[in-house]
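An overview of the molecular structure
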Amino acid sequence: MAIKARLTAQDLWKLGEGDTRRELVDGEIREMAPAGGVHGQIQARICRRLVEHVDRHGGGQVLGGDVGFVLDLPHDPERVRAPDVAFVSTASLPEGRLPEGFLRGAPDLAVEVLSPSDRPGDVQQKVRDFLDAGARLVWVIAPEARTATVYRADSSARLLREADHLDGEDLLPGLSIPLAELFE
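Here the structure is a predicted model, which is why all the values come from computation and not from measurement. (Residues numbered from 1 in each chain as written. Predicted model: local features only at pLDDT ≥ 70, side-chain atom pairs only at ≥ 80, totals over all residues. Heavy atoms only, no water.)

So, the overall build of the protein
Within the protein one finds 4 helices and 13 strands. Expected size for 184 residues packed as a compact globule is a radius of gyration near 16 Å; at 16 Å, the protein falls within 12% of this value. Referenced to the eigenvectors of the C-alpha coordinate spread, the extents of the protein come out at roughly 55 × 40 × 30 Å. Scored against the burial criterion, the 184 residues of the protein give a buried share of 42%. Looking at the protein alone, contacts between residues at least 24 apart form 54% of all its contacts between residues at least 6 apart. A total accessible area of about 9900 Å² is found for the protein, and carbon and sulfur atoms account for 49% of it. For the protein, the centre of its 22 positive side-chain charges and the centre of its 31 negative side-chain charges are spaced 2 Å apart. (Helix = DSSP H or I, 4+ residues; strand = E, 2+ residues; numbered from the N terminus. Rg over C-alpha atoms; globule rule 2.2 N^0.38 Å. Buried < 20%, exposed > 50% of the residue type's maximum accessible area, 1.4 Å probe, protein only. Contact = heavy atoms within 4.5 Å. Areas by Shrake-Rupley, 256 points an atom, 1.4 Å probe, with all protein chains shown as cover. Lys, Arg positive; Asp, Glu negative; His and termini not counted. Charge placed at Lys NZ, Arg CZ, Asp CG, Glu CD.)

Structural data, given as structure tokens:
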């Protein structure tokens, strides 16, 4: 019987970029299908609004499109997750700047835009991974339902409908994104 080697974040990094999106969970690479047009449009709109806010107020870096975060969870210290959009506060950056490779620790804000191929259990595990690793907020955007769910580090969650706004809370004070704007 062959024993499968447990891969590390460094092994994933060595694979480099390509046409396939990848994460590392329990030592195994998980490949994800490329996202569709609606997903990409919503991701871009969230990035734009976050970048505009951070450009005006400072406080960190906005990262879009599959940047890897090594979450260092007790049960899986090499878990690498890649949110669709992330905000990392300056205080969370080593030496105040972005590294060349994967970032260590969770982003302060992780944003996931659901695709039709996403399985609910997988999405919930990813949310839990970010929060367990220290994320302060996780936004899950559901284009088909035209809703968003905001998860917080204190284990609370709130469902937002199209008439509501995504709020930066104490992480990004003053940020307010009308949910309807994402689904135009």
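Details of the sheet that holds strand β9 (residues 137-142)
The 6 strands are arranged β3-β6-β8-β9-β10-β11 in an open sheet whose pairing can be described as mixed. The open sheet is flanked by β3 (60-64) and β11 (157-160), the only strands paired with a single partner. Averaged over all pairs of adjacent strands, the angle between strand axes in this sheet comes to 15 degrees, irrespective of strand direction. (Pairing = 2+ DSSP bridges. Axes fitted to C-alpha atoms, helices over the stretch in contact; angles between N-to-C directions.)

Looking at the pattern of salt bridges
Pairing between side chains of opposite charge can happen when their charged atoms approach one another. Scanning the model with the defined rule gives 14 salt bridges in all. Here Arg119 makes a salt bridge to Asp122, at a shortest N to O gap of 3.3 Å. Here Asp122 falls in the partly exposed class, since its relative accessible area comes to 32%. Overlapping salt bridges bring together Asp26, Asp76, Arg79, Arg81 and Asp129 as one network. (Salt bridge = Lys/Arg side-chain N within 4 Å of Asp/Glu carboxyl O.)

Some thoughts on the pairing of strand β6 (residues 85-89)
Summarising burial for β6: 5 of the 5 residues are buried, a large majority. Judged by which residues are buried, β6 turns out to be covered on both faces: Val85, Phe87 and Ser89 on one side and Ala86 and Val88 on the other are all buried.

Observations regarding unusual backbone geometry
Here the phi dihedral of Arg146 falls at roughly 60 degrees; this positive angle occurs in a residue that is not glycine. Relative to the helices and strands, Arg146 is located in the loop between β9 and β10 (147-152). We note that Glu169 has phi near 50 degrees; this positive angle belongs to a residue other than glycine. Tracing the chain through its elements places Glu169 in the loop between β12 (165-167) and β13 (176-178).

Some remarks on the nonpolar core
Judged by nonpolar contacts, the single largest core of 25 residues is most densely connected at Ile46, Leu109, Trp139, Ile141, Leu166 and Leu182. Of all the secondary structure elements, the ones that give two or more residues to this core are α2 (37-57), β6, β8 (109-113), β9, β10 and α4 (179-182). Of the residues forming this core, the biggest block, 5 residues, is contributed by α2. The contact partners of Ile46, leaving out residues within four places of it in the chain, are Val85, Val111, Val113, Ile141 and Leu182. Among the nonpolar cores identified, the runner-up in size contains 17 residues, and Leu63, Ala110, Val138 and Val140 belong to it. (Core = buried A, V, L, I, M, F, W, Y, C linked by side-chain atoms within 4.5 Å.)

A word on helix α3 (residues 120-132)
Along its 13 residues, α3 runs 18 Å from first to last C-alpha, staying within 8% of the 18 Å computed at 1.5 Å per residue. By the burial criterion, the buried members of α3 are Val123, Lys126, Val127, Asp129 and Phe130. Along the axis of α3, the buried positions cluster into a sector of 160 degrees, meaning they face one direction only. α3 presents Pro120 and Gly121 as exposed residues on the side facing more than 90 degrees away from its buried surface. Buried residues along α3 sit in contact with β1 (21-25), β5 (80-81), β8, β9 and β10. Within two residues after α3, Gly134 carries a phi angle of roughly 115 degrees, on the positive side. (Expected span 1.5 Å × (residues − 1). Arc of directions from axis to C-beta.)

Considerations on the side chain of Lys126
Tracing the backbone shows Lys126 in helix α3. Of the polar contacts made by the side chain of Lys126, one reaches the side chain of Glu112; its length is 3.2 Å. Apart from residues no more than four positions distant in its own chain, Lys126 is found in contact with Glu23, Arg81, Ala82 and Glu112. (Polar contact = N/O pair within 3.5 Å; in protein donor to acceptor, adjacent residues only side chain to side chain.)

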